[in-house]
Amino acid sequence: MTNINLLKHVIYLLFFISCFITKPSDASRGGIAIYWGQNGNEGNLSATCATGRYAYVNVAFLVKFGNGQTPELNLAGHCNPAANTCTHFGSQVKDCQSRGIKVMLSLGGGIGNYSIGSREDAKVVTDYLWNNFLGGKSSSRPLGDAVLDGIDFNIELGSPQHWDDLARSLSKLSHRGRKVYLTGAPQCPFPDRLMGSALNTRRFDYVWIQFYNNPPCSYSSGNTQNLFDSWNKWTTSITAQKIFLGLPAAPEASGSGYIPPDVLTSQILPTLKKSRKYGGVMLWSKFWDDKNGYSSSILASV
């Protein structure tokens, strides 16, 4: 065999091998989810999505709903839903979606008055969400005619009852044509006291666990083991397409659990990426991310 023919065979062989090799970094690449809406100084939705750093945006929060209450959206200093001044964000939701970013409405939060009183109440709340934020029709859609991609459960108050009924009811909306994503942000102690039953329905697409404000299952200076143990428990115990590491985007954003970017990228993410359920990182919140530049520091490693 001549040297030229040998070289051709080597080139063909290398090409053949390359077709079957997937780079580990591509296989485990995740995205960043961000909570937006609770500080008027964090920029608008379009600006948030234009950064190119986020794959998911949770519009936070619907703070009042259920048990016959008139639902109430709270977007802090951004606008006043009661005065119908939030509808201009509809075009910005569409702008985000045109960039391939999924936009969810987040239910709950740390302040407010919300609960689901029964299975029937879950259906009433589902109808409200469908008609006012998803694919239905209403004369009073708070964010205009934008159709959000899904609903995020950020249940931090009240009773654990009937959140599973709401998850099942919402999941049926996907049968109407367009996929309605279900996401959730449980606390890291397992099982979550309020959302455990909902997560057990196996209807959730993405779960971004809050690994902060809970020292027994989150990072503390020099100690990664508590976090790893909790991550392993969650990833082997619940059914979801992807599971995310939820973190504060700055030390001031939470009482505990902040992870310096260099520690996250060198000591923690390489281990988490070994899980096939790894989806990326969730950050609280856009305001604190702007202050600290956290997502910019970690994006290449997520």
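Residues numbered from 1 in each chain as written. Predicted model: local features only at pLDDT ≥ 70, side-chain atom pairs only at ≥ 80, totals over all residues. Heavy atoms only, no water.

Enquirer: Please explain unusual backbone geometry as it appears in this structure.
Expert: Leaving glycine aside, a negative phi is the common case for residues, and trans is the common case for peptide bonds. The peptide bond linking F190 to P191 adopts the cis configuration, its omega dihedral lying at -5°. With an omega dihedral of 0°, the bond running from W284 to S285 counts as a cis peptide bond. Turning to its location among the elements, S285 is positioned in the loop between β10 (278–284) and α10 (286–292). Despite not being glycine, N67 has its phi angle at roughly 55°, a positive value. Looking at where N67 falls in the secondary structure, it is placed in the loop between β2 (56–65) and β3 (72–73). Owing to a relative accessible area of 48%, N67 belongs among the partly exposed residues under this scheme. Backbone geometry places N84, a non-glycine residue, at a positive phi of 60°. Relative to the helices and strands, N84 resides in the loop between β3 and α4 (89–98). (Helix = DSSP H or I, 4+ residues; strand = E, 2+ residues; numbered from the N terminus. Buried < 20%, exposed > 50% of the residue type's maximum accessible area, 1.4 Å probe, protein only.)

Enquirer: Teacher, can you tell me more about the UniProt feature "domain: GH18" (unreviewed entry) in the protein here?
Expert: Taken from the UniProt record, the annotation "domain: GH18" (unreviewed entry) applies to residues 30–302. The distance from the first to the last C-alpha atom of residues 30–302 is 5 Å, and the span holds 30% helix and 21% strand. (UniProt positions renumbered as here; feature names shortened; annotations may be inferred.)

Enquirer: Would you take a moment to explain the pattern of salt bridges for this structure?
Expert: One side chain can pair with another of opposite charge once the charged atoms of both are near each other. With the rule as written, the count across this model stands at 11 salt bridges. Note that K123 and E120 form a salt bridge whose closest N and O atoms lie 3.7 Å from each other. Residue K123 and its partner E120 are both found in helix α5 (residues 119–133); the two are separated by three residues, about one turn of the helix. Classification of E120 as exposed rests on a relative accessible area of 51%. Between D149 and R178 there is a salt bridge whose closest N-O contact spans 3.3 Å. (Salt bridge = Lys/Arg side-chain N within 4 Å of Asp/Glu carboxyl O.)

Enquirer: Would you mind showing me how to read the nonpolar core here?
Expert: Nonpolar side chains tend toward joint burial in soluble globular proteins. Core analysis: the largest hydrophobic core is formed by 75 residues, its most contacted members being F153 and I268. Excluding residues within four positions of it along the chain, I268 makes contact with Y219, T224, L227, F228, L245, I259 and V263. Grouped together as the second largest cluster of nonpolar side chains are 16 residues, A33, Y56, F61 and Y181 included. (Core = buried A, V, L, I, M, F, W, Y, C linked by side-chain atoms within 4.5 Å. Contact = heavy atoms within 4.5 Å.)

Enquirer: Just to check I follow, could you spell out the packing of helix α8 (residues 225–237) against helix α9 (residues 261–272) for this structure?
Expert: The description of two packed helices rests on the angle between their axes and on the distance between the axes. Interaxial distance between α8 and α9 falls to 11 Å at its minimum, and their mutual angle equals 20°. With respect to each other, α8 and α9 are oriented roughly parallel. Crossing of α8 over α9 shows right-handed handedness. Between α8 and α9, the contacting residues are L227, F228 and W231 on the first element and Q267, I268, T271 and L272 on the second. Per-class residue counts for the contact of α8 with α9 are five nonpolar, two polar and no charged. (Axes fitted to C-alpha atoms, helices over the stretch in contact; angles between N-to-C directions. Parallel < 35°, antiparallel > 145°, perpendicular 65-115°, else oblique. Left-handed = near helix turned anticlockwise from the far one by under 90°. Nonpolar A, V, L, I, M, F, W, Y, C, P; charged D, E, K, R; others polar.)

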